[in-house]
Amino acid sequence: MDHKICLIGSDMNTYYMARCYHEAFKEPIDVIATEPIRFTQFSSIVNITYHPDLKEDEGFVNAMLEYGKANFTGEKILAIPCHDVYVRLLVENAEKISEYFVFNSPNLKIVNAFLVKETFYKAFSKAGLKFAKTLYYNCSEEKTEPIPKDMYYPLIIKPSNGIEYNRHHFAGQPKVFKATTPDNAVEFINRVKASGYKDTLIVQEFIPGDDSYLFDCVFYVNTKGKAELASFAQIGLQEHSPSAIGNCTVLMNGYNAFGKTKETVEELKNFLEGIGYNGFAEFDLKYDRRDNTFKVMEINPRQARSSYYLCALGHNLITTLVDDVFEGKEKEFELLEDKVLLSMVPKSVLKKYVLNDDYKAEALKLWKEHKKVDPLKYKGEKSFKHKLYLILRATNYKKKYKKNKNTI
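The rules behind these values
- Residues numbered from 1 in each chain as written.
- Predicted model: local features only at pLDDT ≥ 70, side-chain atom pairs only at ≥ 80, totals over all residues.
- Heavy atoms only, no water.
- Helix = DSSP H or I, 4+ residues; strand = E, 2+ residues; numbered from the N terminus.
- Buried < 20%, exposed > 50% of the residue type's maximum accessible area, 1.4 Å probe, protein only.
- Contact = heavy atoms within 4.5 Å.
- Areas by Shrake-Rupley, 256 points an atom, 1.4 Å probe, with all protein chains shown as cover.
- Lys, Arg positive; Asp, Glu negative; His and termini not counted.
- Charge placed at Lys NZ, Arg CZ, Asp CG, Glu CD.
- Expected span 1.5 Å × (residues − 1).
- Arc of directions from axis to C-beta.
- Pairing = 2+ DSSP bridges.
- Axes fitted to C-alpha atoms, helices over the stretch in contact; angles between N-to-C directions.
- Patch = residues over 30% accessible without salt bridge, like charges linked within 9 Å, V, L, I, M, F, W, Y side chains within 5 Å.
- Salt bridge = Lys/Arg side-chain N within 4 Å of Asp/Glu carboxyl O.
- Parallel < 35°, antiparallel > 145°, perpendicular 65-115°, else oblique.
- Left-handed = near helix turned anticlockwise from the far one by under 90°.
- Nonpolar A, V, L, I, M, F, W, Y, C, P; charged D, E, K, R; others polar.

Colleague: Help me out: how do you make sense of the overall build of the chain in this one?
Modeller: Helix and strand counts for the chain stand at 15 helices and 18 strands. Viewed in the frame of its principal axes, the chain has a C-alpha envelope of about 65 × 50 × 40 Å. Here the chain holds 408 residues, and 57% of them are scored as buried. The contacts in the chain between residues at least 6 apart in sequence include a share of 71% that link residues at least 24 apart. For the chain, the accessible surface area stands at approximately 18000 Å², while carbon and sulfur atoms represent 49% of it. With 58 positive and 54 negative side-chain charges, the chain shows a separation of 7 Å between the mean positions of the two kinds.

Written as structure tokens, this is what we have:
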């Protein structure tokens, strides 16, 4: 492979992107990361260099320049961030590392708008996106005002600034909190404030429906700002443990029990192209049966932890970037409509905890037809330790779902 590529990160997102690279070029990919994470720690398809201060501006720039100087051969290196922190660091420090690196990610204004939820909801509420009813609580204010009486329960409470929220730990800290009464909503807000978090909390009315009302939509927008690729997958199951809630574990592309796929994708495509977006984007949506619309929960300014299923549909995420960034190939827009099942959990978990019977039946049919993929289970992986980790992980999933049966 003539072009040089490196990944930034060490989580599940990094592993399946490394898998995409290995499937295409049959060799390990270079990875720059902060710390060992089990998804990639023992893998045979990555060459990882760790920099403990990579999540800080100076440490990030130093690590990237060190790699760039050692690997630059005349053509710039394609850097692919695999976590929100690295997306922001990459675009913030683009000029400082531009001698050695190229990338296709949105600009800093868009990144900040997506990653800071208050900015996101306020900036794009009139841009064609549909949201649940939303309030904002400033955690820097001493007094916590009561929840307005016209809000319907349950309510979802989540940080506007997820990066800052994760820097302030407290006992039982959830990724997202589901409040069932005004009292426990205020109680949770006060716990967050006491942790030292001073940014905004987002308070939203809960959209009814189990996990199968959730959807995953991935786009690739090329360097010229034109969308080339999109998926639209219905989720059947998400993580139920408090620290991971919102991460999907089972999804099906090409399956939508509620319809309006093309119409919704076209709206999201127009939105991305209208704001001048570039790179991968992943929409988290939930179908609202009350008004027959898909409400946007958030947008990730990168490929998400489950986006490998595009590769299973014949669109390798690495070669998609290579064709655009290095080869300058322009492609007509394509909506991926073929069926494929992505499952990160054992079949027994899918059978027991997917609540939608029609969805479950279709998922098991695809599993039987071998149209199922797990991003972490790769035949090209030679590491025994990685394979052992996957066995232990599957066992742990059974325990986690048994313990955490409730979902948002």
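Colleague: Looking at this model, I keep getting lost on helix 10 (residues 261-274). Mind explaining?
Modeller: Along an α-helix, a turn takes 3.6 residues, which lines up residues three or four apart on a common side. Compared with the 20 Å implied by 1.5 Å per residue over 14 residues, the 20 Å span of helix 10 between its first and last C-alpha is a close match. Every buried residue belonging to helix 10 is among Thr-261, Thr-264, Val-265, Leu-268, Lys-269, Phe-271 and Leu-272, and all of these are buried. On an axial view of helix 10, the arc spanned by its buried residues comes to 160°, and they lie on one face. Structural note: helix 10 exposes Lys-262 and Gly-274 on the side pointing more than 90 degrees away from its buried face.

Colleague: How should the sheet that holds strand 1 (residues 5-8) be read in this particular structure?
Modeller: Adjacent strands of a sheet pair through backbone hydrogen bonds, lying either parallel or antiparallel. Spatially, 3-2-1-4-5 is the arrangement adopted by the 5 strands of the open sheet, whose pairing is parallel. In this open sheet, the two strands that pair with only one neighbour each are strand 3 (46-50) and strand 5 (101-102). Across 5 bridges, strand 2 (residues 29-33) lies against strand 3 in parallel orientation. Residue pairing for strand 3: Ile-32 is matched across the bridge by Thr-49. Packed onto the sheet, helix 3 (residues 57-71) meets strand 1, strand 2, strand 4 (77-81) and strand 5 and runs at close to 155° relative to strand 2. Against the sheet, helix 12 (residues 317-325) makes contact with strand 1, strand 4 and strand 5, and its axis sits at roughly 135° relative to strand 4, the strand it touches most.

Colleague: Would you mind showing me how to read the environment of Val-176 here?
Modeller: Along the chain, Val-176 turns up in the loop between helix 8 (162-165) and strand 8 (177-179). The spacing of Val-176 and Ile-245 is 69 residues in sequence and 6.7 Å in space, taken between C-alpha atoms.

Colleague: When you look at unusual backbone geometry in this model, what are you seeing that I'm missing?
Modeller: Leave glycine aside and you will find that most residues have negative phi; peptide bonds, for their part, are mostly trans. Following Tyr-153, the chain continues to Pro-154 via a peptide bond in cis, the omega torsion being 5°. Relative to the assigned elements, Pro-154 resides in the loop between strand 6 (134-138) and strand 7 (155-159). Residues other than glycine seldom take positive phi values, yet Lys-26 does so here, at roughly 60°. Along the chain, the position of Lys-26 falls in the loop between helix 1 (12-25) and strand 2. The backbone phi angle of His-370 is positive, close to 65°, even though this residue is not glycine.

Colleague: What should I look at first to understand a negative patch on the surface in this one?
Modeller: Judged by side-chain charge, Asp-53, Glu-56, Asp-57, Glu-58 and Glu-92 come together as a negatively charged surface patch. Inspection of the secondary structure puts Asp-57 in helix 3. Assessed through its relative accessible area of 40%, Asp-57 is described here as partly exposed.

Colleague: Would you mind going over the packing of helix 4 (residues 84-92) against helix 6 (residues 108-115) with me for this structure?
Modeller: Axis angle and axis distance: for two packed helices, these are the angle between their axes and the distance between the axes, and together they describe the pair. Contact geometry of helix 4 with helix 6 gives a least axis separation of 9 Å together with a crossing angle of 155°. Put simply, helix 4 runs roughly antiparallel to helix 6. Here helix 4 runs over helix 6; the crossing is left-handed. Taken together, the residues of helix 6 that come into contact with helix 4 (itself represented by Asp-84, Val-87, Arg-88, Val-91 and Glu-92) are Leu-108, Val-111, Asn-112 and Leu-115. Grouping the amino acids of the contact of helix 4 with helix 6 by side-chain chemistry returns 5 nonpolar, 1 polar and 3 charged.

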